[in-house]
Amino acid sequence: MPHKAVFLDRDNTVIDDPGYLADPQGVRLLPGVEEALTRLAGASWRLIVVTNQSGVARGLLTEDMLQQVHAEIQRQLAQRGAKLDAIYYCPFLPEAPVEAYARDSDERKPKPGMLLRAAREMDLDLRASWMVGDSDRDIQAGRRAGCRTILIRHDGDQSEPVGQGDRGEPAGQDDEAWPDFTARNLQEAAEVILRESPAEPSAANPNAAPQSGGREIRPSHEMSDSQVLQELLQMARQLVRLREGREFSVSKLIAGIAQGLALLAFVLGAVKFIGLSSPAASSDAFWQSMGYLAIAGFCQVAALTFFLMNRQD
Ligand SMILES: [Mg+2]
């Protein structure tokens with residue numbers, strides 16, 4: 001049976017990012033990383049780093065130096081009882097100064113090549129897997145590979161504050177960069193993954209649901225109180241955003257004006273029509289009343305049309 005995996009960006013997700021890290025002595029695990037990895041490994045997740053390392057193509061470090069940095073990451077994790085199952089890196093960059101690495105690569109995120117290769121080499125179920133990273137390109141690569149995604153937004157980020165396991169928000173206009181969830185660090189991301197991924201069937205629990213890529217909200221009786229509160233908070237936030245976004249629209253304004261005109265024309269037409277019974281009524285009065293009623297009908301149709309447009313905005 002294929003394994004489920006958590007793909008991890010390296011810089012600013014697993015380790016601190018000083019920029020093109022070439023010296024193993026500069027490796028600093030981010031706080032709580034080892035706990036997150038240990039928890040995920042304990043729940044049978046394969047842990048795989050997928051990292052762009054264009055510093056090699058830029059001539060800032062060699063692949064040997066990169067391997068030493070990665071060995072140091074594994075050494076520090078091992079000291080704390082954790083480990084990564086694999087580290088995939090992409091050293092390529094188009095038009096870079098080091099000719100051997102100056103090329104476009106399907107493995108450079110946001111392309112999903114590293115995840116796809118890992119899936120082949122390590123027998124992974126991509127639809128049951130997750131991608132966690134701190135940039136849009138991590139999310140894009142994860143989505144293109146068919147994984148669910150978590151965007152890490154550190155506390156110092158300029159983006160709006162987020163809570164643990166918040167559902168994702170659009171990152172600009174690019175649908176592919178929408179994460180399924182956001183988290184402030186890898187520990188929170190691990191919480192989300194463990195919470196959102198149903199347990200595999202086992203002898204003790206043969207009815208457990210299989211892994212799937214779905215995002216269904218589980219029934220409340222399976223959720224803790226804090227999870228129920230969190231879901232409610234999310235729904236309330238979405239409602240507020242929906243209200244703010246739809247408080248005013250041009251189609252709603254036009255619908256209101258058309259409705260007003262329809263009423264006015266109907267009243268004028270009705271008055272004219274009633275006046276037809278008067279002996280003093282002119283011969284044109286009938287056609288005038290019909291004209292007003294026709295205008296009323298047209299405006300009413302227009303009002304309904306713009307009203308429906310507003311509902312579909
Ligand atoms: Mg990063």
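Description of the structure in this document.

What counts and what doesn't
Residues numbered from 1 in each chain as written. Predicted model: local features only at pLDDT ≥ 70, side-chain atom pairs only at ≥ 80, totals over all residues. Heavy atoms only, no water. Donors = N, O, S within 2.8 Å, 3.2 Å for Na, K, Ca; no water. Helix = DSSP H or I, 4+ residues; strand = E, 2+ residues; numbered from the N terminus. Salt bridge = Lys/Arg side-chain N within 4 Å of Asp/Glu carboxyl O. Buried < 20%, exposed > 50% of the residue type's maximum accessible area, 1.4 Å probe, protein only. Core = buried A, V, L, I, M, F, W, Y, C linked by side-chain atoms within 4.5 Å. Contact = heavy atoms within 4.5 Å. Axes fitted to C-alpha atoms, helices over the stretch in contact; angles between N-to-C directions. Parallel < 35°, antiparallel > 145°, perpendicular 65-115°, else oblique. Left-handed = near helix turned anticlockwise from the far one by under 90°. Nonpolar A, V, L, I, M, F, W, Y, C, P; charged D, E, K, R; others polar.

**Here's the deal with the coordination of the magnesium ion**
Around a metal, the perfect tetrahedron of four donors has angles of 109.5 degrees, and the perfect octahedron of six donors has angles of 90 or 180 degrees.
So, point 1. Every protein donor of the magnesium ion is accounted for by Asp9 (OD), Asp11 (O) and Asp134 (OD), and the metal-donor separations fall at 2.1 to 2.3 Å.
So, point 2. As a motif over one chain, the donors of the magnesium ion read D-x1-D-x122-D. In this pair, aspartate 11 sits in the loop between strand E1 (5–8) and helix H1 (33–42) while aspartate 134 sits in the loop between strand E4 (130–133) and helix H4 (136–145), placing the two residues 123 residues apart along the sequence.

**Focus on the pattern of salt bridges**
So, point 1. Counted under the stated rule, the structure contains 13 salt bridges.
So, point 2. The partner of aspartate 138 in a salt bridge is lysine 109, and the shortest N-O contact between them spans 2.8 Å. Taken together, the residues span a long stretch of sequence, with aspartate 138 in helix H4 and lysine 109 in the loop between strand E3 (86–90) and helix H3 (113–122) at a distance of 29 residues.
So, point 3. With a relative accessible area of 2%, lysine 109 lands in the buried category.
So, point 4. Counted as one network, the salt bridges with shared partners bring together Asp9, Lys109 and Asp138.

**Remarks on the nonpolar core**
So, point 1. Counting 31 residues, the largest nonpolar core has Leu8, Leu37, Val132 and Ile150 as its most contacted members.
So, point 2. Here this core takes 5 residues from helix H5 (residues 186–196), the largest share from any one element.
So, point 3. Listed in part, the 27 residues of the second largest apolar core include Ala5, Tyr88, Ala96 and Ala119.

**Re the side chain of aspartate 9**
So, point 1. Among the structural elements, aspartate 9 can be located in the loop between E1 and H1.
So, point 2. What aspartate 9 contacts, discounting residues up to four positions off in sequence, is Val14, Val50, Lys109, Met131, Val132, Gly133, Asp134 and Asp138.

**Side note on the packing of H1 against H5**
So, point 1. Between H1 and H5, the least distance of the axes is 8 Å, while the angle of their chain directions is 15 degrees. Taken together, the axis directions place H1 and H5 in an arrangement best described as roughly parallel. Relative to H5, the crossing made by H1 is left-handed. Contacts from Val33, Glu35, Ala36, Leu37, Arg39 and Leu40 of H1 reach H5 at Leu186, Gln187, Ala190, Glu191, Ile193 and Leu194.
So, point 2. Partitioning the contact of H1 with H5 into residue classes produces 8 nonpolar, 1 polar and 3 charged.

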